[in-house]
Amino acid sequence: MNVSDVICFDILVSAMKAENQSFGTDFLLVGLFQYGWTNSLLFVVIATLFTVALTGNIMLIHLIRLDTRLHTPMYFLLSQLSIIDLMYISTTVPKMAVNFLSQSKTITFMGCEIQAYVFLALGGTEALLLGFMSYDRYVAICYPLHYPILMSKKICCLMVACAWASGSINAFIHTMYVFQLPFCRSRLINHFFCEIPALLSLVCQDTSHYEYTVLLSGLIILLLPFLAILASYARVLIVVFQMSSGKGQAKAVSTCSSHLIVASLFYATTLATYTKPHSLRSPTRDKAVAVFYTIITPLLNPFIYSLRNKEVTGAMRRLLG
């Protein structure tokens, strides 16, 4: 018996013990890696990334709130994105980090349900908000004279409310449906957090019809905003390269490219998870992909928007005196 077999056997034994102790109501999270890395090293890496992500998003929110020059629709939407990322990474990473140093990797049924709902709600909200942010840049560059009207304070608040409400309702429907299904197989979740696709493999009844619903939701919540972003920036690039000002071209391209980089990373990884048939899933690959939209994207967002933006760096310099 090799090392990996021993580790997997230990995980199964822990799952059986956890299930016996909790009368079958708890789940057991396998984690990010089953072998190859020491738990202490993983804890340090994840804790460091988590701290940097929290610091970056909190600083960006603080800058936008304090500097009146950043009280514009673009930065209002950006502050909402930072708030979402702050909550988003806090939903999964702390539990994952604690599990690296804990002998018991269990999560209660209610805790798993809450984690799945909050994560799904925040993910859907961010997907829609990124689409609205691309619309903001589209109007600012293509229709600058109409920008104060098309992106008024009322319209911005309506966009944000629509994103939060849509993401929350979508998450509520899926979470309520999945957690009333019979989990009659092992309570061992081969993931580092409670994600809907990973939970479906524990259900003992046919979920093929429901998977079509997940696919439809993914196409509406994820693919449509992504296509809208691509269409918006295609139009923006056409307008930008018709400008006579090289400085204006550089500024517009810089702003749009940073948004497009983050959006492409987020949408590509989430679409790969939520639109893939169950028969084509690989737990190891799914966990690796999930790292991008649970950790990497919330980590990169504040730095891509701040380091590539002269207005944000200027606000930081003024704040630091």
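Note that the coordinates shown come from a computational prediction; the quantities given were computed from them, not determined experimentally. The residue count restarts for each chain, going from 1 along the sequence in the order it is written. Thresholds applied to this predicted model are a pLDDT of at least 70 for local features of residues and 80 or more for the giving and counting of side-chain atom pairs; totals over whole chains, interfaces and linings are not thresholded and use all residues. Side-chain figures throughout are based on the complete set of non-hydrogen atoms in the structure, without hydrogens or water.

Student: Looking at this structure, I do not really get the pattern of salt bridges. What am I missing?
Tutor: Two side chains bearing opposite charge may form a pair once their charged atoms approach each other closely. Definition used for salt bridges: Asp or Glu carboxyl oxygen within 4 Å of a side-chain nitrogen of Lys or Arg. A full pass over the atoms with the stated rule returns 4 salt bridges. Across the salt bridge formed by Arg318 and Asp67, the nearest N and O atoms sit 2.8 Å from each other. Remark: Asp67 occurs in the loop between helix 2 (39-66) and helix 3 (73-101) and Arg318 occurs in helix 11 (residues 310-319); sequence separation between them is 251 residues. For Arg318, a relative accessible area of 40% gives the class partly exposed. Here a helix means four or more residues in a row that DSSP labels H or I, a strand means two or more in a row labelled E, and each is numbered from the N terminus. Relative accessibility thresholds used throughout: buried, under 20% of the residue-type maximum; exposed, over 50%; partly exposed, between the two (1.4 Å probe, protein chains only).

Student: Sorry, what's going on with the environment of Pro298 here?
Tutor: With respect to the helices and strands, Pro298 occurs in helix 10 (residues 283-307). Under the relative-accessibility criterion, Pro298 is labelled buried at 0%. Each C-alpha atom, one on Pro298 and one on Leu54, is 8.7 Å from the other, the two residues being 244 residues apart in sequence. Contacts between residues were defined by any pair of non-hydrogen atoms, one from each residue, lying within 4.5 Å. Not counting the four nearest positions on each side in its chain, Pro298 is found in contact with Ala53, Asn57, Asp85, Tyr88, Ile89, Phe292 and Tyr293.

Student: What's the story with the side chain of Thr92 in this structure? I'm lost.
Tutor: Within the element layout of this structure, Thr92 appears in helix 3. With a relative accessible area of 0%, Thr92 lands in the buried category.

Student: Teacher, can you tell me more about the UniProt feature "transmembrane region" (unreviewed entry) in the chain here?
Tutor: UniProt positions are given in the numbering used here, feature names are shortened, and annotations may be inferred rather than shown by experiment. UniProt's feature table lists "transmembrane region" (unreviewed entry) at residues 41-63, 75-94, 114-135, 155-179, 215-238, 250-268 and 288-307, given in the numbering used throughout. End C-alpha atoms of residues 41-63 are separated by 33 Å, and the span's content is 100% helix alongside 0% strand. The span residues 114-135 carries 100% helix and 0% strand; its end-to-end C-alpha distance comes to 32 Å.

Student: What's the story with the state of the cysteines in this structure? I'm lost.
Tutor: Disulfide: a covalent bond formed between the sulfur atoms of two cysteine residues. For this text, the term disulfide refers to a pair of cysteine sulfurs within 2.5 Å. Tallied over the full model, the rule gives 1 disulfide. Between the sulfur of Cys112 and that of Cys194 lies a disulfide, 2.0 Å long from S to S. The sign of the S-S torsion, about -125°, decides the handedness of the disulfide formed by Cys112 and Cys194: left-handed. Of this pair, Cys112 sits in helix 4 (residues 109-142) while Cys194 sits in the loop between strand 3 (188-189) and helix 7 (196-200); the two residues are 82 residues apart in sequence, bridging distant segments of the chain. Residue class for Cys112 comes out buried when judged on its relative accessible area of 0%. The closest cysteine sulfur to the non-disulfide-bonded Cys157 is located on Cys156, 6.9 Å from its own sulfur.

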